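Report on the structure
Single-letter residue listing:
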Amino acid sequence: MQAQISLEVQIAGLSLRNPIILASGILGHSTEVFERIYNAGVSAVIGKSVSLQPREAYKPPTVVQVNSGYLNAIGLGNPGADAFAQELKKVSARKIPVIASMFGSDPNDFERMTKLFDSAGAVAFELNLSCPHVKGVGTEVGHDPHLVAAIVKAVRKSTSKPVFAKVSPGMETMLQTVKAAEEAGASGITATNTIRAMAIDVESRVPYLSNRFGGLSGDALHPIAVRCVYEIAEQTKIPIIGCGGIDSWEDAVEFILAGASAVEIGTVLAYRPPTVIEEILSGIRGYMTRKGYKRVSDFVGLAHSR
Ligand SMILES: Cc1cc2nc3c(=O)[nH]c(=O)nc-3n(C[C@H](O)[C@H](O)[C@H](O)COP(=O)(O)O)c2cc1C
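Residues numbered from 1 in each chain as written. Predicted model: local features only at pLDDT ≥ 70, side-chain atom pairs only at ≥ 80, totals over all residues. Heavy atoms only, no water.

**Section: the packing of helix H6 (residues 174-183) against helix H7 (residues 222-235)**
Each pair of packed helices gets described by two things: the angle between the helix axes and the distance between those axes. Two elements in contact, H6 and H7, have axes whose closest approach is 10 Å; the angle formed by their N-to-C orientations is 45°. Judged on the interaxial angle alone, H7 and H6 are oblique. Here H6 runs over H7; the crossing is right-handed. Judged by residue contacts, Met174, Leu175, Val178, Lys179 and Glu182 of H6 engage Arg227, Cys228, Glu231, Ile232 and Gln235 from H7. (Axes fitted to C-alpha atoms, helices over the stretch in contact; angles between N-to-C directions. Helix = DSSP H or I, 4+ residues; strand = E, 2+ residues; numbered from the N terminus. Parallel < 35°, antiparallel > 145°, perpendicular 65-115°, else oblique. Left-handed = near helix turned anticlockwise from the far one by under 90°. Contact = heavy atoms within 4.5 Å.)

Dropping the structure here:
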């Protein structure tokens, strides 16, 4: 009898029921929303990035639709680590795997958050080293390989769970950041975050977003993110999670062929109902049947062999 097709993936020691994870920031971090999206099919959820202390979001408008994508500058507003830990305990109690996303500029802050979220039930960590529109954190941290190494080391020594460093295509130093994160003990890389961008209302003659600059996500980001995953796969041995503009099974498979072991979806959930998750999973299953693959790992990185 032929072995059954399995969508289960192992990534950096994390067992997931399928390769699709909810990306950070798209749906906040309420237990109810996480439960709804988990029941719709994702294998794990990532919360909106949190900092040790609460932080106010930018004033509206914080999101605008542009051709082939969305621009957002929420400003990493969040209720702080203690409030997130409470929500994390509730979600974890419902057996939903949560990856905690954290940002900051001080390795000590990362260390404290890691310990807190580890004991609150996070199954893994994602370090937001790549938000392109907030001063002093995100890409400004990610651009500095020494600081990246210090942060990854601080997190690494505070947990035995997987730690993913999330990078952005807008970082000229992206590959150096990946190397610094890998050498400092990161378990994997998430590629990518949004890319810094802007849109201007021609009638009022001012930028649409209150912050002027934002991060571009969705369709327009997809080929850029695929290029990043491909380049990262050529230089790193640790696993990669692909993210950027997935709204079909082909987009997800493309990331896997470029070298990703799993993928994250975000913006698509702003314009498609959560049934899109099952649609993508079923497309991946159909592709595997046609190609004769039993496991997702059978086709990770195959685009590199040509
Ligand atoms: C409204 C919005 C908020 C986001 N907030 C975060 C965040 O807090 N932390 C983070 O690492 N990425 C954040 N992102 C980036 C996404 O996690 C993802 O990396 C990016 O949107 C690309 O994927 P997509 O095109 O599928 O949305 C946000 C994206 C959007 C659209």
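**Points about the site of the ligand**
In the vicinity of the ligand lie 21 residues, with Ser24, Ser49, Gly218, Gly245 and Thr267 positioned nearest. Measuring from an oxygen atom of the ligand, one finds a backbone N or O atom of glycine 266 at 3.1 Å. For the ligand, an oxygen atom lies 2.6 Å from a polar atom in the side chain of threonine 267. Burial of the ligand by the surrounding chains reaches 94%, relative to a free accessible area of 610 Å². Residue classes in the shell around the ligand are distributed as five nonpolar, 14 polar and two charged. (Near = heavy atom within 4 Å. Polar contact = N/O pair within 3.5 Å; in protein donor to acceptor, adjacent residues only side chain to side chain. Areas by Shrake-Rupley, 256 points an atom, 1.4 Å probe, with all protein chains shown as cover. Nonpolar A, V, L, I, M, F, W, Y, C, P; charged D, E, K, R; others polar.)

**Looking at the sheet that holds strand E10 (residues 188-191)**
Read once around its circumference, the closed barrel built from eight strands follows the order E3-E4-E7-E8-E9-E10-E15-E16, with strand pairing classed as parallel. Going across the sheet, the axis of each strand differs from the next one's by a mean of 25°, ignoring polarity. Direction of pairing for strand E8 (residues 124-128) relative to strand E9 (residues 163-167): parallel, over a ladder of four bridges. Residue phenylalanine 125 lies in a different strand from E9, and its bridge partner there is valine 163. (Pairing = 2+ DSSP bridges.)

**Some points on the packing of aromatic side chains**
Scanning the model with the defined rule gives six aromatic pairs in all. Plain terms: the ring middles of tryptophan 249 and tyrosine 287 are 5.7 Å apart, the flat faces sit at 40° to each other, and that makes the pair tilted. Of the two residues, tryptophan 249 is situated in helix H8 (residues 249-258) and tyrosine 287 in helix H10 (residues 275-291); the sequence distance between them amounts to 38 residues. With relative accessibility at 10%, the residue tyrosine 287 sits in the buried group. Grouping aromatic residues by their ring pairs yields a cluster made of Trp249, Tyr287, Tyr293 and Phe299. Against the face of tyrosine 38 rests arginine 17, its NZ or CZ located 3.8 Å from the ring centre. Directly above the ring of phenylalanine 213 sits arginine 196, whose terminal nitrogen or CZ lies 4.3 Å from the centroid. (Phe/Tyr/Trp six-rings, centres within 6.5 Å; stacked < 30°, edge-to-face > 60°. Buried < 20%, exposed > 50% of the residue type's maximum accessible area, 1.4 Å probe, protein only. Lys NZ or Arg CZ within 6 Å of the ring centre and 35° of its normal.)

**So, the nonpolar core**
Among the nonpolar cores identified, the biggest contains 86 residues, and Phe117, Leu127, Ile277 and Phe299 are the most heavily contacted of them. When residues of this core are assigned to their parent elements, the largest contribution, seven residues, is made by H10. Other than its neighbours up to four places away in sequence, leucine 127 contacts Met102, Phe110, Ile151, Val152, Val155, Val163, Phe164, Ala165 and Lys166. If you look at the next biggest cluster of nonpolar residues, it comprises nine residues, including Ile195, Ala199, Leu209 and Leu216. (Core = buried A, V, L, I, M, F, W, Y, C linked by side-chain atoms within 4.5 Å.)

**Observations concerning the sheet that holds strand E11 (residues 195-198)**
Think of a sheet as strands paired side by side through backbone hydrogen bonds, with each pair either parallel or antiparallel. Taking strand neighbours across the sheet as the criterion, the four strands line up as E5-E6-E14-E11 in an open arrangement whose pairing is antiparallel. Two strands close off the open sheet at either side, each with one partner strand: strand E5 (63-66) and E11. On average, each strand axis in the sheet is inclined to that of its neighbour by 40°, with strand direction left out of account. Here four bridges tie E5 to strand E6 (residues 69-72), and the two strands are oriented antiparallel to one another. Residue pairing across strands places valine 63 opposite asparagine 72, the latter belonging to E6.

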